[in-house]
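Take a look at the letters that make up each chain.
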Amino acid sequence: MSQIANQRDSQFTVDKVRHLAELAQIELSGDEIIHLTKELSIITDSINQLADVASSDIKPTSHPVDLCNVLRDDTSVKPLTQTEALSGAPKKQDNMFVAPQILNEE
Amino acid sequence: MSELYKLSAWEIANKLRLREISSLEITQAFLDRINQTDDKLGAFLLVDDKIAIETAKKIDSSRLKGDTLPKMAGVPIAIKDLICTKGLVTTAASKILQNWVPPYDATLVENIKDNGLIILGKTNLDEFAMGSSTERSAYKLCLNPWDLNTVPGGSSGGSAASVAAWQTPFSVGTDTGGSIRQPASLTGIVGAKPTYGGISRYGIIAMASSLDQAGPMARCVLDAAILHDILSSYDMQDSTSLNYDFGSMEQAAIEGTNQGLKGLKVGIIKQLTGEGFSKGILAAFNKVVALLVNNGAEIVEVDCPNFQYSIGAYQILMASEASSNLARYDGMRYGKRFLPDKQTVTAESMMKTTRDIGFGFEVKRRIILGTYALSAGSYEAYYGAAQKVRTLIKGDFTRAYKQVDCLISPTVPTVAFKIGEQLDDPMAMYMNDLATIPANFGGMPAMSIPNGLAANNLPSGLQIIAPQFKDYNMYFLASALEKLINFNFNPSGLTQLSKAVNL
């Protein structure tokens, strides 16, 4: 519980938002980071009460309807053709997606 | 008949069957109506006259040949631009999907096509369905036909405005925390969210997968019910699709009108009838309660103490699921790719630039919040806690349904608000969903029907929430109440709209 309490006290800082943007792979501008830092603090203040009611004996719900594993017959279905799958590609060559280089990151 | 576009979907279907009109005529009437009003209204992101007319002609010639056609064949429809349509640009109102053409149809779109409906176009929304006003569309603003200075609600604002402005008889929306019901309430129309799993999510661009559901929007309960039956199907492509016989919603609507309310036990949710709701909205709601009592229904007040935590829990669950779902927009396989202004462009720098330019601010805010809620150290305090609150809210429903058949509340705490009024206050915007979120948490079918005018002659909505799988009961009650409420559908903004267009 004390660990949770500590988490709740933690305020959003510019560095923290910058780190989250890095994790989410979004290049945010300085203005956006400042704006988000303020807004996220307000939003998380309003949700901190959740931890107060969510005691350890309550089971979490991840899905609204209780379903067991859903299996289907192991039969082949027609997938998208290669042309269809590539139809929205921003860049393609020889029936393949072209990505920018992945090595020599800065 | 000069105002064909005012007909309801079932009336159009009857006239088509009796060959009083052709599908081409009715389709052209709606296309003309869109053409005359949408520059100002902004309900559509795409209108495809050519495909609509071609399809209408096919239906007409097939009917002339004497082929057996599905009941609603030849009736026009509009689809929220969050739903994939093969060969028809689908953007989610985001720049990151500008000009993207899906190579497949969503299952619900297949159902629409199999039933011979005519797709007029794709309707405006908040980017990736994130918003309650359609002001977050990356392309254009959408106005409320009742008052052109107010928002139509959201995120299915375009689907709601187009129905309210007689641009289409009905439309498809999607609802994650109220995105069908809230705009339906703000524009004086009917909007329904089925039991979670009732309509396939395959081909709907995902926001929060455990909450998202598509559903019908129309000017009367019967039209919504008919469309509900068309959209709903068991689908192997969606592992959460339910293989369950829900019955015919059309039948439910007809029986509701015929049989009335006698013997029904209706619950009023204590937590959704007081604080936070405007006077006008509560007055309109109390009139419905009086109608229920006077017509033989039994009213029970039910206590749902955990509903007060729903907005907080929703922020976390929605943002967490959205941040995961939107990770797929990386500029690699489809959608836009934006390159950084650097000499060496790497995959990672391209991805970051693409997501910076491609996403609007609200989308970034939710991704960052979700990333935070799911990150090590925060997970238990936020995501885990929100999932537990979801259990508590489901428990409130279970207890309530031991006493009553259906629950009712106002759909939205207020009438439509002014454009720009809530844009800088995310918490005020999120409060729009106060009454609608619990049904998404519980997977319950829920709908909004118009129940009169509240402040400024703007419409108010009544929400009906039925137990899981009891969509039939929801439509039954909605239809019985619709008859008693007898709402005068007369959007005043439309006069303004016609004037503006004629100038």
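Bringing the overall build of chain B into the picture now. A count of helices and strands for chain B gives 17 helices and 11 strands. Computed over the C-alpha atoms, the radius of gyration of chain B is 22 Å, within 12% of the 23 Å expected from 2.2 N^0.38 for a compact globule of 503 residues. Based on the C-alpha atoms only, the size of chain B along its principal axes is roughly 70 × 55 × 50 Å. With 503 residues in all, chain B has 67% of them scored as buried. For chain B, contacts bridging at least 24 residues in sequence account for 77% of all contacts bridging at least 6. For chain B, the computed accessible surface area is about 16,700 Å², with 49% contributed by carbon and sulfur atoms.

What follows covers the overall build of chain A. From N to C terminus, chain A includes five helices and two strands. Scanning chain A from its N terminus toward the C terminus, one meets helices and strands in the order α-α-α-α-α-β-β. Across the 106 residues of chain A, 29% fall into the buried class. For chain A, long-range pairs separated by at least 24 residues make up 35% of all intrachain contacts whose partners lie at least 6 apart in sequence.

Turning next to the pairing of strand β3 (residues 118-123) of chain B. All names here are of chain B. Counting buried positions along β3 gives six out of six residues, so the element sits mostly inside the fold. Examined bridge by bridge, strand β1 (residues 44-47) and β3 share three bridges and lie antiparallel to one another. Paired with F44 across the bridge in β3 is T123. Pairing of strand β2 (residues 76-80) with β3, which is carried by five bridges, proceeds in the parallel orientation. For A78, the partnering residue across the bridge sits in β3 and is G121.

On the surface, a cluster of nonpolar side chains totalling about 340 Å² of accessible area is made up of L67 and V70 of chain A together with Y234 and M236 of chain B. Positionally, M236 of chain B belongs in the loop between α7 (221-231) and α8 (249-259). The partly exposed category is assigned to M236 of chain B, whose relative accessible area is 44%.

All right, on to the interface of chain B and chain A then. Size of an interface: often given as the accessible area lost when the parts come together. With 66 residues of chain B in contact, the opposing surface of chain A contributes 62 residues. Buried area between chain B and chain A, both sides added, is near 5,500 Å², and the carbon and sulfur share of it is 67%. If you sort the residues of chain B by the area they bury against chain A, K352, I368 and Y372 of chain B come out on top, with a joint share of 12%. At the boundary of chain B with chain A, the tally comes to three salt bridges. Between E22 of chain A and K352 of chain B there is a salt bridge, and its shortest N-O distance comes to 2.7 Å.

It is worth spelling out the side chain of D48 of chain B at this point. Residue and element names in this part refer to chain B. Looking at the element boundaries, D48 is found in the loop between β1 and α3 (49-64). Buried and without a salt bridge, D48 has K50 as its closest oppositely charged side chain, separated by 6.7 Å. Within the local environment of D48, its side chain forms a polar contact with the backbone nitrogen of I51, the two atoms lying 3.0 Å apart. Residue contacts for D48: discarding those within four places in its chain leaves L88, L120 and G121.

With that settled, consider the sheet that holds strand β9 (residues 406-410) of chain B. All names here are of chain B. A sheet is described by the order of its strands in space; here 11 strands give the open sequence β1-β3-β2-β4-β6-β5-β10-β11-β9-β7-β8, paired in mixed fashion. Two strands lie at the open edges of the sheet, namely β1 and β8 (298-302), each paired on one side alone. Averaged over neighbouring strand pairs, the angle between their axes works out to 30° when direction is ignored. Sitting on the sheet, α7 is in contact with β2, β4 (170-175), β5 (190-193), β6 (213-218) and β10 (446-453), with an inclination near 145° to β6.

Moving on, we get to the packing of helix α10 (residues 310-325) of chain B against helix α12 (residues 361-374) of chain B. Residues and elements named next belong to chain B. Closest axis-to-axis distance for the α10/α12 pair is 7 Å, and the angle between their directions is 100°. The pairing of α10 with α12 is recorded here as roughly perpendicular in orientation. Together, Q315, I316, M318, A319, S320, S323 and S324 of α10 and R366, I367, L369, G370, T371, A373 and L374 of α12 make up the contact between the two elements. Broken down by class, the residue content of the contact of α10 with α12 amounts to seven nonpolar, six polar and one charged.

Bringing helix α16 (residues 471-485) of chain B into the picture now. Residues and elements named next belong to chain B. The terminal C-alpha atoms of α16 lie 21 Å apart, and with 15 residues this matches the ideal 21 Å at 1.5 Å per residue to within 8%. When α16 is considered as a whole, its buried residues turn out to be D471, M474, Y475, F476, L477, A478, S479, A480, L481 and I485. Backbone geometry just downstream of α16 places N486 in the positive-phi region, at approximately 50°.

This part covers the confidence of the model for chain A. Averaged over every residue, the pLDDT of chain A is 85; residues scoring 70 or more account for 88%. Between residues 1-9 of chain A, whose pLDDT stays under 50, and residues either more than four places distant or in other chains, the model counts 10 contacts.

A few words on the packing of aromatic side chains. Residues and elements named next belong to chain B. Taken as a whole, this structure holds 19 aromatic pairs over all chains when the rule is applied. On the numbers, 6.4 Å between centres and 50° between planes, the contact of Y5 with W166 is tilted. Of this pair, Y5 sits in the segment before α1 (9-17) while W166 sits in the loop between α5 (157-164) and β4, and the two are 161 residues apart along the sequence. With a centroid separation of 6.5 Å and an interplanar angle of 50°, the aromatic rings of Y314 and F441 are classed as tilted. Residue Y314 is found in helix α10, and its partner F441 is found in helix α15 (residues 437-442); the two are separated by 127 residues along the sequence. For the residue pair Y314 and F441, the accessibility class agrees, reading buried in each case. Among the aromatic side chains, those forming a connected cluster through ring pairs are Y5, W146, W166, F487 and F489. Cation over ring: K6 sits above W166, and NZ or CZ is 4.5 Å from the ring centre.

Calculation notes
Residues numbered from 1 in each chain as written. Chains lettered and ligands numbered in written order. Predicted model: local features only at pLDDT ≥ 70, side-chain atom pairs only at ≥ 80, totals over all residues. Heavy atoms only, no water. Helix = DSSP H or I, 4+ residues; strand = E, 2+ residues; numbered from the N terminus. Rg over C-alpha atoms; globule rule 2.2 N^0.38 Å. Buried < 20%, exposed > 50% of the residue type's maximum accessible area, 1.4 Å probe, protein only. Contact = heavy atoms within 4.5 Å. Areas by Shrake-Rupley, 256 points an atom, 1.4 Å probe, with all protein chains shown as cover. Pairing = 2+ DSSP bridges. Patch = residues over 30% accessible without salt bridge, like charges linked within 9 Å, V, L, I, M, F, W, Y side chains within 5 Å. Salt bridge = Lys/Arg side-chain N within 4 Å of Asp/Glu carboxyl O. Buried area = accessible area lost by both parts, 1.4 Å probe. Lys, Arg positive; Asp, Glu negative; His and termini not counted. Polar contact = N/O pair within 3.5 Å; in protein donor to acceptor, adjacent residues only side chain to side chain. Axes fitted to C-alpha atoms, helices over the stretch in contact; angles between N-to-C directions. Parallel < 35°, antiparallel > 145°, perpendicular 65-115°, else oblique. Nonpolar A, V, L, I, M, F, W, Y, C, P; charged D, E, K, R; others polar. Expected span 1.5 Å × (residues − 1). pLDDT = per-residue confidence, 0-100. Phe/Tyr/Trp six-rings, centres within 6.5 Å; stacked < 30°, edge-to-face > 60°. Lys NZ or Arg CZ within 6 Å of the ring centre and 35° of its normal.

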